[in-house]
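The lines below spell out each chain.
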Amino acid sequence: VQLQASGGGLVQAGESLRLSCAASGRTFSSYGMGWFRQAPGKEREFVAGISWSGGSTYYTDSVKGRFTVSRGNAKNTVYLQMNSLKPEDTAVYYCAARRGGDYYDLGNYPYWGQGTQVTVSS
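Quick notes on the rules
- Residue positions are given per chain, counted from 1 along the sequence in the order it is written.
- Only residues with pLDDT of 70 or above have their local features reported here, since the model is predicted, and side-chain atom pairs are shown and tallied only from 80 upward, although totals for entire chains, interfaces and linings are computed over all residues.
- The basis for the side-chain values is all heavy atoms of the structure; hydrogens and waters are excluded.
- Each helix is a run of DSSP H or I of at least 4 residues and each strand a run of E of at least 2, with the numbering of both proceeding from the N terminus.
- With a 1.4 Å probe rolled over the protein chains alone, any residue whose accessible area is under 20% of its type maximum counts as buried; one over 50% counts as exposed, and the rest are partly exposed.
- Pairs of residues are marked as contacts when any of their non-hydrogen atoms sit within 4.5 Å.
- Accessibility throughout is a Shrake-Rupley quantity obtained with a 1.4 Å probe, and a residue counts as covered only by protein chains that appear here.
- The disulfide definition used here is simple: a pair of cysteine sulfur atoms within 2.5 Å.
- To form a nonpolar core, buried Ala, Val, Leu, Ile, Met, Phe, Trp, Tyr and Cys residues must be joined to one another through side-chain atoms within 4.5 Å.
- DSSP bridges decide pairing: two strands pair if at least two such bridges lie between them.
- Salt bridges, as used here, are contacts in which a Lys or Arg side-chain nitrogen is within 4 Å of a carboxyl oxygen on Asp or Glu.

Let's shift gears to the overall build of the protein chain. Helix and strand counts for the protein chain come out as zero helices and 11 strands. Helices and strands in the protein chain line up, N terminus first, as β-β-β-β-β-β-β-β-β-β-β. By its C-alpha atoms, the protein chain is 40 × 30 × 25 Å across when sized along the principal axes. Among the 122 residues that make up the protein chain, the fraction classed as buried is 39%. A fraction of 55% describes how many contacts in the protein chain between residues 6 or more apart in sequence connect residues 24 or more apart. With an accessible surface of roughly 6,000 Å², the protein chain has 44% of that area assigned to carbon and sulfur atoms.

On to the state of the cysteines, then. Evaluated as defined, the whole model comprises one disulfide. Between the sulfur atoms of Cys21 and its disulfide mate Cys95 the distance is 2.1 Å. Across the S-S bond linking Cys21 and Cys95, the dihedral sits near 65°, which makes this disulfide right-handed. On the criterion of sequence distance, the pair formed by Cys21 in strand β3 (residues 17–24) and Cys95 in strand β9 (residues 91–98) is long-range, its members being 74 residues apart. Pair check on accessibility: Cys21 and Cys95 agree, each one buried.

This part takes up the nonpolar core. By size, the foremost hydrophobic cluster in this structure holds 29 residues, and its most contacted members are Leu3, Trp35, Leu80, Met82 and Tyr93. Broken down by secondary-structure element, the contributors of at least two residues to this core are β1 (2–6), β3, β4 (32–38), β5 (45–50), β7 (67–71), β8 (77–82), β9 and β11 (116–121). When sequence neighbours within four positions are dropped, the list of residues in contact with Leu80 reads Leu17, Arg18, Leu19, Trp35, Val47, Ala48, Phe67, Thr68, Val69 and Tyr93. Among the nonpolar cores identified, the runner-up in size contains five residues, and Phe36, Phe46, Ala96 and Tyr109 belong to it.

The next thing to look at is the environment of Ser62. Topologically, Ser62 is positioned in the loop between β6 (57–59) and β7. For Ser62, a relative accessible area of 40% translates into the label partly exposed. Each C-alpha atom, one on Ser62 and one on Leu3, is 25 Å from the other, the two residues being 59 residues apart in sequence.

Residues Val78, Leu80 and Met82 point to one face of β8 and are all buried, whereas Thr77, Tyr79 and Gln81, pointing to the other face, are not buried. The sheet contact formed by β3 and β8 spans six bridges and is antiparallel. Residue Leu19 lies in a different strand from β8, and its bridge partner there is Leu80. Linking β7 to β8, which pair antiparallel, is a turn of five residues; within it Lys75 sits at a positive phi near 70°.

This next bit is on the pattern of salt bridges. Tallied over the entire structure, the rule returns four salt bridges. We note a salt bridge from Asp89 to Arg37, for which the minimum N-O separation is 2.9 Å. Residue Asp89 is located in the loop between β8 and β9, and its partner Arg37 is located in strand β4; the two are separated by 52 residues in the primary sequence. Where Asp61 meets Lys64, a salt bridge forms, and the shortest distance between an N and an O atom there is 3.0 Å. One network of salt bridges, with partners in common, ties together Arg37, Glu45, Arg66 and Asp89.

As structure tokens, this is what we get:
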């Protein structure tokens, strides 16, 4: 059971990045997926989530209108398109698979990827 996140990097404020999360070892097509982030010295926080069908999406207020979460056709890949990045978006971003319950609660995600660093310079 593995989740592999990729696509992080160093960008300037206002630029874009697209994160990818590939699931392997288990069929995650029926799982809701989430993106979380953790900045230095801060707790891990919910960023975005998407239902197994892709029909429902969820965002924390600070990224609404800038970030878009989506699923690939095979449903085992999840993307996070991040536009208009800000320095406060700097963090390690994690993807996770959810079994049920509130999308915003990281306790509902038993499977986690290793994280990818996003750094936004001003």
